[in-house]
Amino acid sequence: DIYYANRNGAVVFLNKTGKSVVLFEKKSLEIYQVKVISGFIFFSGSDGSLYKMNKDGKNLVVYNLGVKYAWDFTSAPDGEILIAAGSPAKILSMDKKGTVTSLFSSEQETHFTRIYDLNGKYYFVSSGMGAVYEMDRKGKVTLLYDTFEDEVSCLTADLTGNIYFV
């Protein structure tokens, strides 16, 4: 299955025949991330919320995260969802019931823009100091690298455990 977001604030399903089916649309929303987790479509964006809906676009649930931007998110092995958020810069955790807690925040950063789960640790990057961080499953955060730039906007990893950022 292929799901994507377009510039009109829509989450779209591309079916097997190549037809695009709009599942959600809110023109005032800029969508930053779309992922399928545990059979549900999750997406985040410019209103600081995390959205969850069935794959058919029904049963929409909106979780207000208390931040201005929800840039990225990933799922943890225990079913929690970790969210890289901004303004203020926070790493949030949302449990299966929708309860949101702050795991880490920084006054030096304005946004945490990307988060990646790799080999039992989370890696996230920032806007403000342009840094790369590592967080273990217990919540201990380590600054891995300061780029001496204002922002790191992309983060990924390969199957051997190398991380890449821009």
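Described below are features of the structure shown in this document. (Residues numbered from 1 in each chain as written. Predicted model: local features only at pLDDT ≥ 70, side-chain atom pairs only at ≥ 80, totals over all residues. Heavy atoms only, no water.)

Side note on the pairing of strand 11 (residues 100–106)
Pairing analysis gives six bridges linking strand 10 (residues 89–94) to strand 11, with the strands arranged antiparallel. In the sheet register, Met 94 faces strand 11, and the bridge partner there is Val 100. (Pairing = 2+ DSSP bridges. Helix = DSSP H or I, 4+ residues; strand = E, 2+ residues; numbered from the N terminus.)

Focus on the sheet that holds strand 2 (residues 10–14)
Strand pairing in a sheet is mediated by backbone hydrogen bonds. Such pairs are either parallel or antiparallel. Spatial ordering of the open sheet is given by 1-2-3, a layout of three strands whose pairing is antiparallel. The open sheet terminates on both sides in strands that have one partner only, identified here as strand 1 (2–5) and strand 3 (20–25). Each strand of the sheet is rotated relative to its neighbour by a mean of 25°, with strand direction disregarded. Relative to strand 3, strand 2 runs antiparallel, the two being bridged by five bridges. Following the sheet pairing, Val 11 is matched in strand 3 by Phe 24. (Axes fitted to C-alpha atoms, helices over the stretch in contact; angles between N-to-C directions.)

Brief notes about the pattern of salt bridges
Charged atoms that come close allow side chains of opposite charge to pair. Inspection of every chain in the model, using the stated rule, returns six salt bridges. Put simply, Lys 35 and Asp 72 hold a salt bridge, and the shortest N to O gap is 3.3 Å. Residue Lys 35 is located in strand 4 (residues 31–37), and its partner Asp 72 is located in strand 8 (residues 69–75); the two are separated by 37 residues in the primary sequence. With a relative accessible area of 25%, Lys 35 lands in the partly exposed category. Look at Asp 72 and you get buried, because its relative accessible area is 4%. (Salt bridge = Lys/Arg side-chain N within 4 Å of Asp/Glu carboxyl O. Buried < 20%, exposed > 50% of the residue type's maximum accessible area, 1.4 Å probe, protein only.)

Let's talk about the packing of aromatic side chains
Counted by the stated rule, this structure contains 15 aromatic pairs. Ring geometry for Phe 124 versus Tyr 133: centroids 5.1 Å apart, planes at 10°, classification stacked. Comparing Phe 124 with Tyr 133 shows no difference in burial state: the two are buried. Taken together through their ring pairs, the aromatic side chains of Phe 104, Phe 112, Phe 124 and Tyr 133 make up a single cluster. The ring of Phe 40 carries Lys 52 above its face, with NZ or CZ at 4.2 Å from the centroid. (Phe/Tyr/Trp six-rings, centres within 6.5 Å; stacked < 30°, edge-to-face > 60°. Lys NZ or Arg CZ within 6 Å of the ring centre and 35° of its normal.)

Some details on unusual backbone geometry
Across the junction of Ser 87 and Pro 88, the peptide omega takes the value 10°, indicating a cis bond. Assignment of secondary structure puts Pro 88 in the loop between strand 9 (81–86) and strand 10. You will see that Asn 59, though not glycine, has its phi angle at about 60°, which is positive. Positionally, Asn 59 belongs in the loop between strand 6 (49–53) and strand 7 (61–64).

Focus: the side chain of Glu 134
When you line up the elements, Glu 134 lands in strand 14 (residues 131–136). Residue classification places Glu 134 among the buried positions, given a relative accessible area of 15%. Within the local environment of Glu 134, its side chain forms a polar contact with the side chain of Tyr 123, the two groups lying 2.9 Å apart. Those residues in contact with Glu 134, other than ones at most four positions away along the chain, are Lys 121, Tyr 122, Tyr 123, Lys 140, Val 141, Thr 142 and Leu 144. (Polar contact = N/O pair within 3.5 Å; in protein donor to acceptor, adjacent residues only side chain to side chain. Contact = heavy atoms within 4.5 Å.)

Comments concerning a nonpolar patch on the surface
Taken together, the side chains of Leu 144, Tyr 145 and Phe 165 present a nonpolar region at the surface, about 280 Å² in accessible area. Along the chain, Tyr 145 falls in strand 15 (residues 141–146). (Patch = residues over 30% accessible without salt bridge, like charges linked within 9 Å, V, L, I, M, F, W, Y side chains within 5 Å. Areas by Shrake-Rupley, 256 points an atom, 1.4 Å probe, with all protein chains shown as cover.)

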